[in-house]
Amino acid sequence: MEESAAAVVQELRARFAAGRTRPAEWRAAQLRGLLRMATEMEAEMCDALHADVGKPKTEAHVHEISLVKSSCLFALKNLKKWMKPKKVHARLVTFPSTARIATEPLGVVLVISAWNYPLLLSLDPVIGAIAAGNAVVLKPSEVAPATSSLLAELLPRYVDSTCIKVVEGAVPETAALLEQKWDKIFYTGNSKVGRIVMGAAARHLTPVVLELGGKCPVVVDSNVNLHVAAKRIVAGKWGCNNGQACIAPDFIITTQSFAPKLIEALKKVLDKFYGKDPLLSADLSLVVNTNHFNRLKVLMDDEMVSDKVVLGGQRDEKELKIAPTIYLDVPLDSAIMKDEIFGPLLPIITVDKIHESFGLINSMAKPLAAYLFTRDSKLQEQFEMNISAGGMLLNDTGIHLTNPRLPFGGVGESGTGSYHGKFSFDAFSHRKAVLHRGFWGEAKARYPPYSPAKLKILRGVLEGKLVAMIQAILGFPRGK
Amino acid sequence: MNHPIYEPRAAFQPHGHGHTAPVRPSCPLFNTLPRADHAARSRSPRRGHQLSACAHNREQAPPPSPNSPSIHPSMGSMPEKPRHGLGSLVSGLQEVCESGVTKDLAWRRSQLKGLLRLLTEKEEEMFDVLRDDLGKHRAESYRDEIGALVKSVNHTLRNLDRWAAPEKAQAPLVSFPATALVVPEPLGVVLVFSCWNLPLGLALEPLSGALAAGNAVVVKPSELAPSTAAFLATNIPKYLDPRAVKVVLGGPEVGEQLMEHRWDKVLFTGSARIGCIILAKAAKHLTPVALELGSKCPCIVDRLDSKRDTQIAVNRIAGGKWSLCAGQACLAIDYVLVEEKFAPALIEVLKSTVKRFTATPECMARILNEKHFKRLSSYLKDRKVAASVVHGGSVNPKTLTIEPTILLNPPLDSDVMTEEIFGPILPIITVKKIEDSMKFVRSKPKPLAIYAFTRNEKLKSRIINETSSGSVTFNDAVVQYVVEGLPFGGVGQSGSGQYHGKYSFELFSNKKAVFKRSFLIEFMFRYPPWDNGKIGMLRHVFNTNYVLLLLGLIGLRR
C-alpha cells in the first residue's frame, strides 16, 4: 500500500517537474472537463448521493452539483487574471527597481474530502488546485462509497488522469498517503483527524489547510421577521443534509421570553416542509451510517436532555432516520452541548438578555460560522465586533458559502486556511516575491568598510530622506 | 517543472539551518545534544560580559526538573516557575485578549509607536548588544536591523487603518439586498520564536505585525544571543503594554514548555529540524504555524560584459555574503553559479573586493560560538574542499574567526555543498552554460531566495518560471528584505507562511467572512418540500439567468 502511494506521488512529481500542469491552457482544459462532467453526469451523481446519504435530489443539485459547476465557471472566468503577476510599489529604498508578486503552483497536493458533501468537498478543492497548476491526488471519503467510486470512475474520463488521480480507500490507504511528502494537504473533516493530518504533515514540513467543523451558534433576537427567520433556520439545519453539515446551525441562543414563539414558528415551518410525520418525508437526508446513528442515539438518550424534547424525537433505526428534534434549555455540560452534533438535533439555550449570548459563544471554541437573526443594526455591529468565527452570516444560514468572493474556512478549532473562488487559487499557490534591480544607482554606503559618513547616509535612506537617497544613488561617500 | 524529484523524502533531515551533522547553526530550541556538547557551546573567550556569564551558567546547569526555573531570575521578565508560570501567562494573555484591549486600533497604534520609541531611544544600547552577541558593526546593525525595523514600523503605522478596515466583496444578485465583507480580526494570543543571527529584527519585525493585527504576543528570543535577549526582556515591558506583550527567556526546554500550550498562531524562525518539532507540537492544538527556515540560496551570475557591471555585481554579492552577519543569515548567498569561462574574471574581482570590504576586522560579524566555528572549520578540513580554496581558508580557533573564503568547484557531495553553510565560506560552482544553472538549482530543495545577476531578459523570465523559491531578486542580493510590498517567506523546505508589511498583518489576522442579509425578499423555491418547479428556479439562479428567474417568479415561465 505504501509502495503504491509512493509510486503515485513519484509519477505525479515527474509530470509536475516536466511542466505539464503549468500552462493556463492545461488548467482551463481540466476545469472545462470538470464542468462537462458535472453537466453530463448529473443523474449518476444524484443517484450516488442518494445511495450514500439518501440526499434528496434537489439538495444534491443545489448544494453539490450546481456549486461545483459555478465554482468551475468562476475559476475559468478569472484564471488569467489570477495568474497574472501583481505589481507592487517598490519604494525609494531600492530605487531604481520594480517589484512583482508572481504566483506559482506548489507542486503535488493531496485533497482528503468528507462524506457529508462527498462531491462538493472533493471537487471544490480540486478545482482550486488545478486552477493553481498543481498535480492532485484526491482521496474521497470511504464513508460515502458510491460517490467515491463514481469519482474514481469519472475523473479519468473527463480530466488528465496523468496529473489528477483518485485514490480510494479507508484508514490504511489514507495513512499510506499521509506518509508521503506533499506540497500541500487539504483536509476536510473533524478536528481529531485534523490533528493527525497536521502531525503527519509536520514530518515533511508540509503546509495544511484544515476545514473542520465546530458548534455553529444561531442567535435569535426578538426583533425579527419570525416566519422568515424560522424558515431560514430550518433550511440551514435540516435542509442541509439533515444537519450533517459543517456549517449547519448547531444550537440556538434566544431569550427566555422569545423561545416559545420561536419554537412555535419552527414547528409550523417543519410541518410545512416535511409533513406531519417527517420520518416519511423524501426531502430529509438519512443519517449516514449506523455509527453515526448510534452516536446520535447516545446524545438523545442522555438523561440530562431526554426530558427536554419539545419537538420530534422519533427515530427509525432500521431506516437510519431521525426526525427533526428540538430541545429546550439543555444543561451546558450535557454531551449534546459539548461536541458538534452533526445531525438533526437542535438544542435551544435561553438567556435573559440577548447580549449574554456573546459570552456564551466566546466561552466555547471558535466556530466555523456564527449566525444572528435581528433587525437591530446595533446588535449586528456588536455581534460582528465581539464574536470570532470563520464566517458570519446575518439573518440567514449557510448561504455565505455560495459567495465565491468570500473566503470560506475556520479559525482556531474550526480549522485553518480558507478557500472558494480566488482564495482556493491562493491556497494552492505560492506567492513568489520578484525584485528587479538595474546596475545603476550603486549605493556605496551599503558596503564595508563602514564609516560614520556611510551610517549617516544609510540612516537617511531607511528613514526615507530624499537627500540621502540621492547621495546614496550617486555613490557617496566618494573615494572609499 | 521546478519541483526537484530528487528532493529527499525524509525532509526533516538534510537542510534548513539544521543538519544531520552533530552541530547545527541557528536556534537549537529543542537541542538534544548531550550535555558535554552544551558545555562546549560556551561563548568566545574574548567576551567576559556579565550577561553572557548568565547564559553560561544556564547552559551548564543540570537539566531542569519541572520545579527548577530554567529562566534566570535576573534576566527574565517572568519570575514564576516555568510550567505553572507559563500556564498562567497564557491564560492571562487570553483574558487580556477577550477584554478587547488589544483589538482597539488606538491601542495597536500606541504599541507601534512604543516600538518606534524603543528603537530610537535605545539605539546605542542595541548597537552594544548586537556587537556583544555577534560582533556586528553599528552600520550593519543599523542597516539590517534597527533601520530596517524603523522603516517597517513606520510603514505599518501609515497603513494600519487601511489594512484593518473591512473589505467589501461583491454579493450575488440573488441574495439582494445583502452586503458581503471580509473583516480582519485578531487571532488571539500568538507566539514568536526569533533567531540569533538577526536577534532584534527577527523578534521585533514579527512582533510589530502581530501587534498591528491586534494580538497579545509572547516573544521568545534566542538564548544564543543572550545580550539581545536580555535587552528585549528588560525594555519591551517598558515601552509596550506589559499586560499584552511578554518576553520569555530560556533555552530549548522553555521553548518546549511554551509549545505545550495552545496558541492562536506561532511564528518560528530557525532550522528545519526544529521547525518539524514545532509543527508536530502545534498539531496537538491545531495551531497554525508560520515557519521561516533557511536554505542554500544560490546566486546565478551571468557573463557580464562591462567591468563596471562586474564590479557592481561583486559588491552586491560580497555585501550579501560577508557583510550580512558574516554569512550567518537565511537570506545570505550560499553559493555562486557561473559559466566556466567567466569564473576567473569573477573570482579576481571578488578577491579584491572582499579584501577591501574586510580590511578591518570589525567590518565583519563574528562566528556565533565555538560550535558553529567547529562546524564551519570542519567543512574546510575536508581534503577535497581544502584543495578547492582559491581565497582565504585560514581559521583561528582562539578568536573564533574564519577568514572570508572562496572555493572553486568543491565536490558537490561534500558537506559544504549539501548543507546550508551559514558562514563566511562561498563556493563557486561552474556550469558550461548559464542556462544549466537552473537545472542545478532545481535539483536542490526550494530555497528561500534566488539571486541572479544578468542583463538577459530571457534568462530572467526563465528563472522566474522554471525555478521555485521564496523570492527572486535580479541584480542585487538581500534588499528584497526591506521592500514592504513584497511578502517574505519560504516555500517547501525553506518554510511556509509569509510576513513583512501587509503580509505580517494578514499572517496574524483571521479573515472573517461577513454576509449580511435582511428579511425583505424571500424566495420560497429555496425550501422543501421539493418539486420540479423549484429545481428549475434554482437552476436559473445558478446559471445567473435572472430573466427566466423573474418570469418564473411572476408565474409566466416554469
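Criteria and thresholds
- Residues numbered from 1 in each chain as written.
- Chains lettered and ligands numbered in written order.
- Predicted model: local features only at pLDDT ≥ 70, side-chain atom pairs only at ≥ 80, totals over all residues.
- Heavy atoms only, no water.
- Axes fitted to C-alpha atoms, helices over the stretch in contact; angles between N-to-C directions.
- Helix = DSSP H or I, 4+ residues; strand = E, 2+ residues; numbered from the N terminus.
- Parallel < 35°, antiparallel > 145°, perpendicular 65-115°, else oblique.
- Left-handed = near helix turned anticlockwise from the far one by under 90°.
- Contact = heavy atoms within 4.5 Å.
- Phe/Tyr/Trp six-rings, centres within 6.5 Å; stacked < 30°, edge-to-face > 60°.
- Buried < 20%, exposed > 50% of the residue type's maximum accessible area, 1.4 Å probe, protein only.
- Lys NZ or Arg CZ within 6 Å of the ring centre and 35° of its normal.
- Buried area = accessible area lost by both parts, 1.4 Å probe.
- Salt bridge = Lys/Arg side-chain N within 4 Å of Asp/Glu carboxyl O.
- Lys, Arg positive; Asp, Glu negative; His and termini not counted.
- Polar contact = N/O pair within 3.5 Å; in protein donor to acceptor, adjacent residues only side chain to side chain.
- pLDDT = per-residue confidence, 0-100.
- Expected span 1.5 Å × (residues − 1).
- Bend = angle between axes of the 7 residues up to and from the residue.
- 1 Å grid on protein atoms, 1.4 Å probe; cavity = no way out; pocket = protein on both sides within 12 Å on 5 of 7 lines; lining within 4 Å.
- Points joined across faces, edges and corners; volume = space filled by probe spheres on them.
- Arc of directions from axis to C-beta.
- Nonpolar A, V, L, I, M, F, W, Y, C, P; charged D, E, K, R; others polar.
- Pairing = 2+ DSSP bridges.
- Domains from an automatic or database assignment.
- Right-handed = clockwise from strand over helix to strand, strands pointing away.

> Kindly report on the packing of helix α16 (residues 452–462) of chain A against helix α6 (residues 138–164) of chain B, identifying the contributing residues and their values.
Taken N-terminus to C-terminus, the directions of α16(A) and α6(B) make an angle of 15°; their axes are 9 Å apart at the nearest point. With respect to α6(B), the axis of α16(A) lies roughly parallel. You can see that α16(A) and α6(B) cross each other, and the crossing is right-handed. Here A:L455, A:L458, A:R459 and A:L462 of α16(A) come into contact with α6(B), specifically with B:R138, B:A139, B:Y142, B:R143, B:G147, B:A148 and B:K151.

> Before we move on, can you summarise the packing of aromatic side chains with the specific residues and values?
All chains considered together, the criterion is met by 18 aromatic pairs over all chains. Ring centres of B:F488 and B:Y499 lie 5.6 Å apart, and the angle between their planes is 70°; on these two criteria the pair is classed as edge-to-face. Taken together, the positions of B:F488 in the loop between β16 (471–474) and β17 (495–496) and B:Y499 in the loop between β17 and α18 (501–507) put the pair 11 residues apart, joining distant regions of the chain. Residue B:Y499 is classed as buried on the basis of its relative accessible area, which comes to 0%. An aromatic cluster is defined as three or more aromatic residues linked by ring pairs; in this entry it consists of A:F186, A:F408, A:Y419 and A:F428. Taking NZ or CZ as reference, B:K460 lies 5.8 Å from the ring centre of B:F474, over its face.

> So what's going on with the interface of chain A and chain B? Which residues, and what values?
Across the contact, 109 residues belong to chain A and 118 residues belong to chain B. Both faces combined, the contact of chain A with chain B buries some 9,700 Å², and carbon together with sulfur accounts for 60% of it. Summed over the three residues of chain A that lose the most area to chain B, namely A:L205, A:F439 and A:Y450, the buried surface amounts to 10% of that side. Seen at the junction of chain A and chain B, the total is nine salt bridges.

> Explain the side chain of B:E205 to me, using residue names and the numbers behind them.
All names here are of chain B. Note that E205 resides in helix α7 (residues 201–212). Buried charge without a salt bridge: E205, with K151 as the nearest opposite-charge side chain at an N-O distance of 9.1 Å. Here S152 takes part through its side chain, which lies 2.8 Å from a polar atom of the side chain of E205. Those residues within four positions of E205 in sequence are excluded, and the remaining contacts are L149, S152, L200, Y499, H500, G501 and S504.

> Quick one: what's the story with the confidence of the model for chain B, residue by residue and with numbers?
Residue and element names in this part refer to chain B. Averaged over every residue, the pLDDT of chain B is 84; residues scoring 70 or more account for 84%. Here residues 1–83 is a poorly scored stretch, pLDDT under 50, and it has 213 contacts once near neighbours within four places are set aside; other chains count. With a pTM of 0.90, the predicted complex shows an ipTM of 0.93.

> Give me the lowdown on the pattern of salt bridges, citing residues and values where you can.
Residue and element names in this part refer to chain B. This structure, assessed with the given rule, holds 52 salt bridges over all chains. K281 is paired through a salt bridge with E256; the nearest N and O atoms lie 3.9 Å apart. Of the two residues, K281 sits in helix α10 (residues 272–283) while E256 sits in helix α9 (residues 252–258), which places them 25 residues apart along the sequence. By relative accessible area, which is 15% here, K281 ends up buried. Assessed through its relative accessible area of 34%, E256 is described here as partly exposed.

> Can you explain helix α4 (residues 57–83) of chain A? Please cite residues and give values.
Within an α-helix, residues lying three or four positions from one another point in the same direction, as the helix has 3.6 residues per turn. All names here are of chain A. In a regular helix each residue adds 1.5 Å, so 27 residues correspond to 39 Å; α4 covers 36 Å between its end C-alpha atoms and thus fits that length. At K77, α4 shows its strongest bend, of approximately 45°. Across the 27 residues that make up α4, a large majority, 19, are buried.

> An account of empty space enclosed by the protein is needed here, citing residue identities and associated values.
Taking a probe equal in size to a water molecule and rolling it over the atoms shows the remaining empty space. All names here are of chain B. All chains considered together, the criterion is met by 10 cavities of 30 Å³ or more. Taken as a whole, the second largest cavity holds about 80 Å³ of empty space. Surrounding the second largest cavity, A148, K151, S152, E205, Y481, V482, V483, E484, H500 and G501 form its lining. Among the elements that line the lining of the second largest cavity, the one with the most residues is α6, at three residues.

> Give a description of helix α11 (residues 290–301) of chain A that names residues and reports values.
Residue and element names in this part refer to chain A. Here α11 contains 12 residues, and its C-alpha end-to-end distance of 16 Å stays within 8% of the 16 Å for a straight helix at 1.5 Å per residue. Of the residues making up α11, those classed as buried are H292, F293, L296, L299 and M300. End-on view of α11: buried residues confined to an arc of 120°, all on one side of the axis. Summarising the geometry of α11, the exposed residues directed more than 90 degrees from the buried face are N291 and V298. The elements touched by buried residues of α11 are α12 (303–306), β11 (315–316), β12 (321–322), β13 (325–328) and β14 (345–351).

> So what's going on with the packing of helix α3 (residues 42–53) of chain A against helix α6 (residues 145–158) of chain A? Residues and values would help.
All names here are of chain A. Put simply, α3 and α6 touch, their axes get as near as 7 Å, and they point 150° apart. Relative to α6, the element α3 lies roughly antiparallel. Seen from α3, the contacting residues are E44, M45, A48, L49, A51 and D52; seen from α6, they are P145, A146, T147, L150 and L154. Of the residues belonging to the contact of α3 with α6, the class tally is eight nonpolar, one polar and two charged.

> Can you tell me about the sheet that holds strand β7 (residues 208–211) of chain A, naming the residues and giving the values?
Residues and elements named next belong to chain A. Taken together, the six strands give an open sheet; going across it, the order is β5-β4-β3-β6-β7-β17, and neighbouring strands pair in mixed fashion. Every interior strand has two partners, whereas the edge strands, β5 (164–166) and β17 (415–416), have only one. Two strands pair when backbone bridges link them, and strand β6 (residues 184–188) and β7 are joined in this way by four bridges, in the parallel orientation. The residue of β7 that forms the bridge with T188 is E211. Contacts from helix α1 (residues 2–17) reach β3 (108–112), β4 (135–139) and β5, with the element oriented near 155° to β4.

> Can you tell me about the side chain of A:K454, naming the residues and giving the values?
Residue and element names in this part refer to chain A. Position of K454 relative to the elements: it lies in helix α16. Polar side-chain contacts of K454 include one of 2.8 Å to the backbone oxygen of Y447. A polar contact is formed between the side chain of K454 and the backbone oxygen of P449, at a distance of 2.9 Å. Contact partners of K454, with chain neighbours within four places excluded, come to K444, A445, Y447, P448, P449 and P477.

> Can you tell me about the domain arrangement of chain B, naming the residues and giving the values?
Size of an interface: often given as the accessible area lost when the parts come together. What the domain assignment lists for chain B is domain 1 (29–52 + 78–293), domain 2 (297–489) and domain 3 (523–558). Computed over C-alpha atoms, the centres of domain 2 of chain B and domain 3 of chain B are 65 Å apart.

> Run through the sheet that holds strand β1 (residues 86–88) of chain A, naming residues and quoting values.
With mixed pairing, the 10 strands of this open sheet are ordered in space as β1(A)-β2(A)-β18(A)-β16(B)-β15(B)-β8(B)-β9(B)-β14(B)-β13(B)-β10(B). Two strands in the sheet have a free side with no partner beyond their single neighbour: β1 of chain A together with β10 (389–391) of chain B. Sheet twist, expressed as the mean angle between neighbouring strand axes with direction ignored, is 25°. Bridging between β1(A) and strand β2 (residues 97–105) of chain A involves three bridges; their strand directions are antiparallel. Note that in β2(A) the partner of A:V88 across the bridge is A:A99.

> Tell me what's going on with the pairing of strand β9 (residues 249–255) of chain A, and back it up with residues and numbers.
Residue and element names in this part refer to chain A. Along β9, seven of the seven residues are buried, which leaves the element largely enclosed by surrounding structure. By the bridge criterion, five bridges tie strand β8 (residues 216–220) to β9 in an arrangement that is parallel. Of the residues in β9, the one forming a bridge with P217 is F251. This β-α-β element, β8 to helix α9 (residues 226–237) to β9, shows right-handed connectivity. Pairing of β9 with β14 involves four bridges; the strand directions are parallel. Paired with I253 across the two strands is I349, which belongs to β14.

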